[in-house]
Amino acid sequence: MTAPEEERRVQDAVRRHTRTRAFAEAEDVISAVLSDPGVQEARERVEAAETELGMELCARLQPFQDRYDQAVAEGDAARLTEVCAGKHGRWGRICVLPDGHETSMEEPHWGRNSEDRPIAWVGSAPDDW
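Description of the structure in this document. Bear in mind that the values here come from a model prediction, so they are computed numbers and not experimental data.

## Concerning the overall build of the chain
Okay, step 1: A count of helices and strands for the chain gives 4 helices and 4 strands.
Okay, step 2: Its helices and strands in sequence order give the chain the pattern α-α-α-β-β-α-β-β, from N to C terminus.
Okay, step 3: In the chain, buried positions account for 24% of the 129 residues.
Okay, step 4: Pairs at least 24 residues apart make up 46% of the contacts formed inside the chain by residues separated by at least 6 positions.

This is how it looks when you write it as structure tokens:
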């Protein structure tokens, strides 16, 4: 191995180590924040409000869930591409309203959570959040 190749290999290893260490430290900080009793209480209140709003909107928005379920059962990709991209992946929430509903209908995202209860929420999060 030439000296420049060895130097590049060492630099790559240092970058990987630095990145791995930074991610580990970030995960420690996030875990500490999320375990705080005040943060847990706030999360529980948000989830309760989302569940309550989801139930309030259920009668009006259930047809969207039915259409979504039918599109999934039939493998109707065209209809599924028209569905809102809003989701909270970690909690199994997928918005079943039409894409762009937040502005045209002035509705929050709406769907069912992983326990199959109606739920409404504002904003989106990555799948793994």
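## Describing the pairing of strand 3 (residues 109–112)
Okay, step 1: Covered by surrounding structure in strand 3 are His109 and Gly111 together with Trp110 and Arg112, the residues of both alternating faces.
Okay, step 2: Where strand 3 and strand 4 (residues 118–121) come together, 4 bridges link them in antiparallel fashion. Residue Gly111 lies in a different strand from strand 4, and its bridge partner there is Ile119.
Okay, step 3: In textbook terms, the turn of a hairpin is the stretch between consecutive antiparallel strands, and for strand 3 and strand 4 this stretch comprises 5 residues, one of which, Asp116, has a positive phi near 65°.

## Some remarks on the packing of aromatic side chains
Okay, step 1: Going through the model one piece at a time under the given rule, you end up with 0 aromatic pairs.
Okay, step 2: The positively charged end of Arg67 is found above the aromatic ring belonging to Phe64, 4.9 Å away from the centroid.

## Some details on helix 2 (residues 37–74)
Okay, step 1: For helix 2, built from 38 residues, the straight-helix expectation of 56 Å at 1.5 Å per residue is missed by more than 12%, its first-to-last C-alpha distance being only 44 Å.
Okay, step 2: Maximum bend of helix 2: about 80°, positioned at Ala59, with proline Pro63 one to four residues after it.
Okay, step 3: All of the buried residues along helix 2 are Glu50, Gly54, Leu57, Cys58, Leu61, Gln62, Phe64, Gln65, Tyr68 and Ala71.
Okay, step 4: Where helix 2 is buried, its residues meet helix 3 (77–80), strand 2 (93–94), strand 3 and strand 4.
Okay, step 5: Its side-chain oxygen at 2.8 Å from the backbone nitrogen of Gly38, Asp36 defines the N-terminal cap of helix 2.
Okay, step 6: In the segment just after helix 2, Gly75 is the residue with positive phi, at about 65°.

Criteria and cut-off values
Residues numbered from 1 in each chain as written. Predicted model: local features only at pLDDT ≥ 70, side-chain atom pairs only at ≥ 80, totals over all residues. Heavy atoms only, no water. Helix = DSSP H or I, 4+ residues; strand = E, 2+ residues; numbered from the N terminus. Buried < 20%, exposed > 50% of the residue type's maximum accessible area, 1.4 Å probe, protein only. Contact = heavy atoms within 4.5 Å. Pairing = 2+ DSSP bridges. Phe/Tyr/Trp six-rings, centres within 6.5 Å; stacked < 30°, edge-to-face > 60°. Lys NZ or Arg CZ within 6 Å of the ring centre and 35° of its normal. Expected span 1.5 Å × (residues − 1). Bend = angle between axes of the 7 residues up to and from the residue. Polar contact = N/O pair within 3.5 Å; in protein donor to acceptor, adjacent residues only side chain to side chain.

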